[in-house]
Amino acid sequence: GRAAGGGAPARADRASKLCARCGRTMEGRAKWRESWAEVRFCSKRCRSNPVGERDRQLEDTIVELLRLRAARATICPSEVVRKLWPDAWREQMEPARQAARRLAAQGVVEVRQRGQEVDYASFRGPIRLGRGLHFPPPPPAAEDSH
């Protein structure tokens, strides 16, 4: 349906997808109507700062720390950034939360608050991360060459 008085579609009818950078939900906009399939980023900021080496390092460290814990255990994103940047971890918290959103979108991790899984694209406040349904299996053990 359309919004009252015509115009753009009602909010519930708009298509949505996740930003490839920050992992937040984007809703279709009138200016994107013709190019929605090509839209990957929610903002100029995300478009000008694509996922890079630091982001992959955060994602890998999230998986590594979860792998070191019991299967149902969780970690805090601050553990990830403190491991990588002990003296400058506060500035890396939002990138760590973005990495968590990207991994949650793939099913690699679950985002939890107060022990319950929450919507990874729209959470607010403190979170913990647990293994998701698509958490990768451990790499094969290196064979002893003796």
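Since the structure is predicted, the reported quantities are computational estimates derived from the model, not experimental observations. (Residues numbered from 1 in each chain as written. Predicted model: local features only at pLDDT ≥ 70, side-chain atom pairs only at ≥ 80, totals over all residues. Heavy atoms only, no water.)

The subject of this paragraph is helix α2 (residues 53–67). Taking 1.5 Å per residue, 15 residues should reach 21 Å; α2 reaches 21 Å between its end C-alpha atoms and fits that length. The secondary structure elements touched by the buried residues of α2 are β3 (74–75), α3 (77–84), α4 (93–105), β4 (109–113) and β6 (128–131). (Helix = DSSP H or I, 4+ residues; strand = E, 2+ residues; numbered from the N terminus. Expected span 1.5 Å × (residues − 1). Contact = heavy atoms within 4.5 Å.)

To find the voids left in a structure, one rolls a probe of water-molecule size over its atoms. The computed volume of the largest pocket comes to approximately 160 Å³. For the largest pocket, the full set of lining residues is R21, C22, R24, R45, C46, N49, R54, E94, P95 and Q98. Counting residues per element, the ones that place at least two in the lining of the largest pocket are α1 (44–48) and α4. Element by element, the count of residues in the lining of the largest pocket is highest for α4, at 3 residues. (1 Å grid on protein atoms, 1.4 Å probe; cavity = no way out; pocket = protein on both sides within 12 Å on 5 of 7 lines; lining within 4 Å. Points joined across faces, edges and corners; volume = space filled by probe spheres on them.)

Here we take up the pairing of β6. Sheet analysis places β3 next to β6, joined by 2 bridges and oriented antiparallel. Counterpart to T74 in the pairing with β6 is G130. (Pairing = 2+ DSSP bridges.)

Here we take up the sheet that holds β4. With respect to topology, 4 strands assemble into an open sheet ordered β3-β6-β4-β5, the strand pairing being antiparallel. The strands lining the two open edges of the sheet, one partner per strand, are β3 and β5 (116–117). With 2 bridges joining them, β4 and β5 adopt antiparallel strand pairing. Paired with R112 across the bridge in β5 is E117.

In this structure, I62, I75, V109 and L129 are the most contacted members of the largest nonpolar core, which totals 22 residues. At the level of elements, α2, α3, α4 and β4 are the ones that each hand at least two residues to this core. Residues contacting V109, with those up to four places away along its chain left out, are I62, L66, A100, L103, A104, G130, R131 and G132. Membership of the second largest hydrophobic core comes to 8 residues, among which are C22, M26, V39 and F41. (Core = buried A, V, L, I, M, F, W, Y, C linked by side-chain atoms within 4.5 Å. Buried < 20%, exposed > 50% of the residue type's maximum accessible area, 1.4 Å probe, protein only.)

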